[in-house]
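Chain and residue survey
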Amino acid sequence: MTTPVSVLRLPRGPDPNSRGFDPSSPRFIALCAASIPTSAASAADPARLQEEQRARSVLRESFLRCLLSMSNKRVQFHMYEKVKVEATFGASDIDVLNFQVSDLQTPIGVQKEALIRCQDVISYCFEV
Amino acid sequence: MSELKTQKSHEKQTPLTCSGHTRPVVDLAFSGITPYGYFLISACKDGKPMLRQGDTGDWIGTFLGHKGAVWGATLNTDATKAATAAADFTAKVWDAVSGDEVLTLAHKHIVKSVSFTQDSNCLLTGGNDKVLRIYDLSKPEAAPLEIPGHTSAIKKALWCNGDQQILSAAEDKTIRLWDRTSMEAVKTLSFDTSVSSMEYVADGEILVITYGKTIAFYNALSLDLIKTVEAPASINSASLHPEKDFFVAGGDDFKLYKYDYSTKEELESYKGHFGPVHCVRFSPDGELYASGSEDGTLRLWQTAVGKTYGLWKCVLPEDLGAENSEQLYTTAPEIKA
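What counts, and where the lines are drawn
- Residues numbered from 1 in each chain as written.
- Chains lettered and ligands numbered in written order.
- Predicted model: local features only at pLDDT ≥ 70, side-chain atom pairs only at ≥ 80, totals over all residues.
- Heavy atoms only, no water.
- Helix = DSSP H or I, 4+ residues; strand = E, 2+ residues; numbered from the N terminus.
- Rg over C-alpha atoms; globule rule 2.2 N^0.38 Å.
- Buried < 20%, exposed > 50% of the residue type's maximum accessible area, 1.4 Å probe, protein only.
- Contact = heavy atoms within 4.5 Å.
- Pairing = 2+ DSSP bridges.
- Axes fitted to C-alpha atoms, helices over the stretch in contact; angles between N-to-C directions.
- Phe/Tyr/Trp six-rings, centres within 6.5 Å; stacked < 30°, edge-to-face > 60°.
- Lys NZ or Arg CZ within 6 Å of the ring centre and 35° of its normal.
- UniProt positions renumbered as here; feature names shortened; annotations may be inferred.
- Buried area = accessible area lost by both parts, 1.4 Å probe.
- Salt bridge = Lys/Arg side-chain N within 4 Å of Asp/Glu carboxyl O.
- Polar contact = N/O pair within 3.5 Å; in protein donor to acceptor, adjacent residues only side chain to side chain.

1. A look at the overall build of chain B
The number of helices and strands found in chain B is zero helices and 31 strands. Computed over its C-alpha atoms, the radius of gyration of chain B comes to 20 Å, within 12% of the 20 Å expected for a compact globule of 337 residues. Taking the principal axes of its C-alpha atoms as reference, chain B extends roughly 65 × 45 × 30 Å. Going through the 337 residues of chain B one by one, you find that 58% of them count as buried.

2. Here we look at the environment of Gly250 of chain B
All names here are of chain B. Position of Gly250 among the secondary structure elements: in strand β24 (residues 246-251). Exposure remark for Gly250: the relative accessible area of 0% places this residue in the buried category. Along the chain, Gly250 and Gly306 lie 56 residues apart, while their C-alpha atoms are 21 Å from each other. Apart from the residues lying within four places of it in its own chain, the contact partners of Gly250 are Ile235, Asn236, Ser237, Lys255, Leu256, Val277 and Val280.

3. Re the sheet that holds strand β3 (residues 25-30) of chain B
Sheets are built from strands paired through backbone hydrogen bonds, the pairs being either parallel or antiparallel. Residue and element names in this part refer to chain B. Strand order in this open sheet of four strands is β3-β4-β5-β6, and the pairing throughout is antiparallel. Of all the strands in the sheet, just β3 and β6 (59-62) have a single pairing partner and so form its edges. On average, adjacent strands in this sheet sit at an angle of 20° to one another, irrespective of strand direction. Note: strand β5 (residues 50-53) against β6, three bridges, orientation antiparallel. The residue bridging Met50 from the neighbouring strand is Thr62, located in β6.

4. Some words on the packing of aromatic side chains
Residue and element names in this part refer to chain B. In total, this model carries 16 aromatic pairs over all chains according to the counting rule given. A centroid spacing of 5.7 Å and a plane angle of 65° characterise the contact between Phe30 and Tyr38, whose relative ring orientation is edge-to-face. Among the residues examined, Phe30 registers a relative accessible area of 14% and is labelled buried. For the ring pair Phe217 and Tyr261, a centre distance of 4.8 Å and an interplane angle of 70° mean the geometry is edge-to-face. With Phe217 in strand β21 (residues 214-219) and Tyr261 in the loop between β25 (256-260) and β26 (266-270), the pair connects residues that are 44 residues apart, well separated along the chain. The residue whose ring lies beneath Lys258 is Phe246, and the NZ or CZ to ring-centre distance is 4.4 Å.

5. A word on the UniProt feature "repeat: WD" (unreviewed entry) in chain B
Residues and elements named next belong to chain B. On the UniProt side, "repeat: WD" (unreviewed entry) is annotated at positions that read residues 63-104, 104-145, 147-188 and 270-302 here. Across residues 63-104, helical content stands at 0% and strand content at 52%; the span's end C-alpha atoms are separated by 13 Å. End-to-end, the C-alpha atoms of residues 147-188 are 15 Å apart, and along that stretch the chain is 0% helix and 57% strand.

6. As for the interface of chain A and chain B
Facing 29 residues of chain A, the contacting portion of chain B comprises 50 residues. Of the roughly 3,500 Å² buried at the junction of chain A and chain B (both faces included), carbon and sulfur atoms supply 63%. When the buried surface of chain A facing chain B is broken down by residue, Val5, Phe21 and Arg27 of chain A rank first, second and third, together holding 23% of it. Here chain A and chain B share four salt bridges between them. In this structure, the connection of chain A to chain B is made through 14 residue pairs in polar contact (both at pLDDT 80 or more). Secondary-structure elements contributing two or more residues to the side of chain A that touches chain B are β1 (3-4), β2 (6-7) and α1 (26-31) of chain A.

7. Brief notes about the sheet that holds strand β14 (residues 145-147) of chain B
Residues and elements named next belong to chain B. The strand order β11-β12-β13-β14 describes an open sheet built from four strands, whose pairing is antiparallel. Edge positions in the sheet fall to β11 (111-116) and β14, since each of these pairs with one other strand and no more. Neighbouring strand axes in the sheet, compared pairwise and without regard to direction, differ in orientation by 20° on average. Where β11 lies against strand β12 (residues 122-127), five bridges are found, and the strand directions are antiparallel. Its bridge partner being in β12, Phe116 is matched across the sheet by Leu123.

8. As for the pairing of strand β7 (residues 70-75) of chain B
Side-chain direction in a regular strand flips from residue to residue, so the side chains alternate between the two faces of the sheet. Residues and elements named next belong to chain B. Most of β7 is tucked away, with five of its six residues classed as buried. As paired strands, β7 and strand β8 (residues 81-86) are joined by five bridges and run antiparallel to one another. Paired with Leu75 across the two strands is Ala82, which belongs to β8. Between the end of β7 and the start of β8, which pair antiparallel, lie five residues, with Ala79 showing a positive phi angle near 55°.

In structure tokens, the structure reads:
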């Protein structure tokens, strides 16, 4: 008769809400160059850093507000391979990898519900 | 919680099951040992390769971006970079700390294999267009060096001999050894059947090849045969322990086999996967081996069953019945993911 080996716990599985690579992990903090270009320079000027961070925050906020204002509006997507489609924008996922849309008008018909892959999109426009 | 039993002298292997993939796992690779431990990357037909902590199997992140099945995946020695080969006709290089995609290398057909040089400066790729390519990662815009020659799809391409040579295995039933400078094939091994896997062990210059039910060991420099071992079933992948005491193999009967390398004796075999085993690799410290299967899971297996390591805990007789602050539980070896 043999007894199974004890385990402390099972391996942790993927987080359904994110792609991982925890920025608070010791490895990330030690190895990742800070995303702000100025901070990569060893003699980082705190004032410039702050200014750059502020600019990034402003840009990020306006992007998020743009997504919010697109909600339930008809949006035209310009995509690779000269593809232009129009759909009602629903939502974006957290990493901005996919847009959830409805009534997607394509050259081969209308798709009631669809996901548009963001990396395939060159630009999009809509009436505010 | 299991009933308390007197400690038995034989422990039953409890593999650690890593779930998360939704399709077959076709390739896996370990990094070297880094200050943060060692890491494991898995290639999956769901197109989403994953990075895991090597000794626990804990998920760290998923590399998102490929648009097709990922056939090959590798990490550089210090696990700062990852590379993947996919059915979307691209190989991608990733920052393995942030998970960001760093480079996309367009190919003319499905890419099957990727391999970094020791200094991580060059990437070797091979796939269905039958051409080996060497990319200089410091000059990604530059055209890669191309080495044609194989007459069928390349399944695996590896650097060897201090990155001075290349070993490639293809559907044309050959394994070829190429000189990097001359870009010519210096040796060719021919087989009656397609080689299912190839592993290069730098320390000792050993090449581990599987085909049919055979696991074969060759000298990687001369391509002279060292020995062959026959398994009970068709084998898809094998791996040699860093100390060269053992090797493990897995294949179409869903089982993992462990053999003594010197005597060729089959030591242990384990059931656990619910589908054919596609890939198996020893960890860089040899304490465990990982297997990837058609069932969509990775499993971690102990080399020395019962030893305390990673998430496995050796339970001593005096521990049983004592107050333990840790939650200990035993799991049946065949738990479904």
